[in-house]
Amino acid sequence: MALFSSLTPVFIAIICVLIGVILKKTNGGKEKCETKSKPLSHPWVDEDLKDGTDHHLEEEEVDEEWQGLDENIAHVPFFAERYSEAEMIKRSQVFYELLNKRRSVRFLSDEPVPREVIDNVIRTAGTSPSGAHTEPWTFVVVQDPYLKHKIREIVEEEEEINYKKRMGDRWVNDLKRLRTNWIKEYLDTAPYLILIFKQVYGQLPNGKKKTHYYNEISVSIACGILLAALQNVGLYTVTSTPLNCGPQLRVLLRRPANEKLLLLLPVGYPKKDAAVPALTRKSLEDIMVVM
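Just so it is clear, the model here is predicted, and its values are computed rather than measured.

Draft legend 1. Highlighting the pattern of salt bridges. Within the structure shown, the criterion is met by 7 salt bridges. For glutamate 185, the salt bridge identified is with lysine 271, shortest N-O distance 3.4 Å. Of this pair, glutamate 185 sits in the loop between helix H6 (169-176) and helix H7 (186-189) while lysine 271 sits in the loop between strand E5 (259-267) and helix H10 (284-287); the two residues are 86 residues apart in sequence, bridging distant segments of the chain. For glutamate 185, a relative accessible area of 40% translates into the label partly exposed. Between glutamate 216 and lysine 198 there is a salt bridge, with its nearest N and O atoms 2.5 Å apart. Of this pair, glutamate 216 sits in helix H8 (residues 215-232) while lysine 198 is found in strand E2 (residues 192-199), placing the two residues 18 residues apart along the sequence. Residues participating in the shared-partner salt-bridge network are Arg152, Glu156 and Asp188.

Draft legend 2. Quick look at the pairing of E2. Among the 8 residues in E2, 8 count as buried, and that is most of the element. Both faces of E2 are covered, namely the face carrying Tyr192, Ile194, Ile196 and Lys198 and the face carrying Leu193, Leu195, Phe197 and Gln199. In the sheet, strand E1 (residues 137-142) pairs with E2 via 6 bridges, with the strands oriented antiparallel. Counted as the bridge partner of phenylalanine 139 is isoleucine 196 from E2. Two elements, E2 and E5, share 8 bridges in a ladder whose sense is antiparallel. Counted as the bridge partner of leucine 195 is leucine 264 from E5.

Draft legend 3. Focus on the packing of aromatic side chains. Summed over all chains, the structure comprises 0 aromatic pairs. Looking at lysine 209, its charged tip hangs above the ring of tyrosine 201, at a distance of 4.8 Å from the centre.

Definitions and limits used
- Residues numbered from 1 in each chain as written.
- Predicted model: local features only at pLDDT ≥ 70, side-chain atom pairs only at ≥ 80, totals over all residues.
- Heavy atoms only, no water.
- Salt bridge = Lys/Arg side-chain N within 4 Å of Asp/Glu carboxyl O.
- Helix = DSSP H or I, 4+ residues; strand = E, 2+ residues; numbered from the N terminus.
- Buried < 20%, exposed > 50% of the residue type's maximum accessible area, 1.4 Å probe, protein only.
- Pairing = 2+ DSSP bridges.
- Phe/Tyr/Trp six-rings, centres within 6.5 Å; stacked < 30°, edge-to-face > 60°.
- Lys NZ or Arg CZ within 6 Å of the ring centre and 35° of its normal.

This is the structure:
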């Protein structure tokens, strides 16, 4: 009995140690799970480039405020021109051949482009479908040389940091074969810069916020139509997503807080000595699945 009493503190100490080890392992397992479930951090991603569809309006605005859409909009008969099968095949082939000539061109001439052409291609982009017909896009056309140069300064400063620190070796190495870097001469030489902003929400007359459904997808579709319209008139561009430049460019161009930069397009004619990478496109069999 005396022996048992003397050993009791030892047993208690051993039990305490075992409990501590078990608790430590349990907490360690939780930390590992949390680490695994935590998404990878991409510090180079500008807040302005994130999808704005996760912008939630205040509950009272959603539930109680009319969104400004006409509930009783009139519907009218729709008439469409219909082509013969032969004409359809011909038109589809001609359009494909036109767009297959599209290339990303970084060497743009300063040769003037008629302003009316720019107006028309943006009108064309504005025909894009959008969530609940909210048309959540703003196309900012910059032709002023001073503003173009300020845009270049902002973009090149951030792009140098992107290439050297933010983007990572894999991304930078993938771009080497395209011979791209942070120097963006075309931002000065192109007669026009078109900056496309997505409106993550709208503004009602009473100052309340209006939901813009699928705003990023809607604006992205409009950008695709704009690229096709530019190709149709013989103008070229390079699609640019200036990382970490959105807030500065928004302030420079005096755009409101609900507008986030999605894309920057320098637009003009190619220089006479312009060169592009000798790339090929995937075949139809690689991009289409018929079921």
